[in-house]
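# Survey of secondary and tertiary structure
Spelled out, the chains give:
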Amino acid sequence: MRQTLTFRILTKLGFRLSPVTYGGRGFIGLAGSALRIWRNEILQAMAARSVLLAPLNSRVIRPFLHKCRGVDLGENVFIGQDVIIDGVYPHKVHIGNGTRVLNRVQIIAHNRDLGSYKQGDKVFELGYLVKDTYIEEDVSLMIGSIILPGVRIGKGAIVAAGAVVTKDVPPYTLVAGVPARITQVF
Ligand SMILES: CC(C)(COP(=O)(O)OP(=O)(O)OC[C@H]1O[C@@H](n2cnc3c(N)ncnc32)[C@H](O)[C@@H]1OP(=O)(O)O)[C@@H](O)C(=O)NCCC(=O)NCCS
């Protein structure tokens, strides 16, 4: 793909951006992306670390801040401390009503596209594979679990602390481990 002048200048200055994702964008496109990611990160940091009005944080303030970032968030969602919801594509994360996202959970909606990766390639030059990630209603994501891009977690499921979810999780099951496997069906 032809690379824009702005992209080539940024590359010369040492910015390591993916040519697949950003190479075709001009000054306005790249500046817009940078500002959007910056705004997302500020809101994310406020949501993750805010200790003001402690009783309201997890039920009101953090959900509100993530909605401002573009996360598709239902009603009565609980969000704990240090939760990270995709920094680049927050609008690709969908969280249903009544779900609980406990401390240090990470929900991701993009991967590097490893489809064409081979010896000699640089991972940072690969494009992104962006996938909608769905956490349905009344799910519990326990402390420190990681939900990878494109996964759908069914209603009422429980993801154990520290699990890494790489595949869809059926409703009302408990999954645990790395990668997460079903350990109980309710
Ligand atoms: C490493 C990674 C990119 C591989 O993705 P992928 O090529 O799509 O891999 P797949 O989902 O096809 O998984 C292949 C196997 O590895 C397992 N696996 C994938 N990621 C795993 C992880 N983090 N931990 C343990 N097992 C993992 C899968 O369960 C699958 O196992 P199986 O063959 O027994 O079913 C991805 O899993 C990952 O860790 N992504 C991180 C997301 C991220 O950081 N995004 C920001 C990017 S800038």
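For the structure given in this document, a descriptive report is provided here. (Residues numbered from 1 in each chain as written. Predicted model: local features only at pLDDT ≥ 70, side-chain atom pairs only at ≥ 80, totals over all residues. Heavy atoms only, no water.)

## Some thoughts on the site of the ligand
Rule in force here: Neighbouring residues are identified by heavy atoms, a residue being near a molecule or strand if any of them is within 4 Å of it. Polar contacts here mean pairs of N or O atoms no more than 3.5 Å apart (in protein, one a potential hydrogen donor and the other a potential acceptor; neighbouring residues in sequence count only if both atoms are side-chain atoms). All accessibility values rest on the Shrake-Rupley procedure with a 1.4 Å probe; residue burial counts only the protein chains present in the view. All residues other than Ala, Val, Leu, Ile, Met, Phe, Trp, Tyr, Cys, Pro, Asp, Glu, Lys and Arg, Gly among them, are scored as polar; the first ten of these are nonpolar and the last four charged.
Taken together, Ile-108, His-110, Asn-111, Leu-114, Tyr-128, Leu-148, Val-164, Thr-166, Lys-167, Val-178, Pro-179 and Arg-181 make up the full set of residues adjacent to the ligand. Within the contact set of the ligand, a nitrogen atom lies 2.7 Å away from a side-chain nitrogen or oxygen of Asn-111. Here an oxygen atom of the ligand and a side-chain polar atom of Lys-167 are 2.7 Å apart. Isolated, the ligand exposes 920 Å² of accessible area, and the fraction of that covered by the protein chains is 47%. Each residue belonging to the shell around the ligand can be placed in one class, and the counts come to 7 nonpolar, 3 polar and 2 charged.

## Overview of helix 3 (residues 27-49)
Note the threshold: Here a helix means four or more residues in a row that DSSP labels H or I, a strand means two or more in a row labelled E, and each is numbered from the N terminus. In this analysis, the expected span of each helix is defined as 1.5 Å times one less than the number of residues it contains. Only protein chains enter the calculation, and the probe is 1.4 Å; a residue is then buried if its accessible area is under 20% of its type maximum, exposed if over 50%, and partly exposed in between.
Look at helix 3: 33 Å from first C-alpha to last across 23 residues, which is about the 33 Å you get at 1.5 Å a residue. Turning to helix 3, its buried residues number three or more, namely Leu-30, Ser-33, Ile-37, Asn-40, Leu-43, Gln-44, Ala-47 and Ala-48.

## What about helix 1 (residues 5-12)?
The line we're drawing: The reported arc concerns the directions from the helix axis to the C-beta atoms and nothing else. We call two residues in contact when some of their heavy atoms are within 4.5 Å.
Those residues of helix 1 not exposed but buried are Thr-6, Phe-7 and Leu-10. Angularly, the buried residues of helix 1 cover 100° about the axis, an arc narrow enough to put them on a single face. Looking at helix 1, the residues exposed on the side facing more than 90 degrees away from the buried face are Leu-5 and Lys-12. In this fold, the buried residues of helix 1 make contact with helix 2 (19-22) and helix 3. A positive backbone phi angle near 105° is found at Gly-14, which sits one or two residues after helix 1.

Structural measurements only, silent on function.
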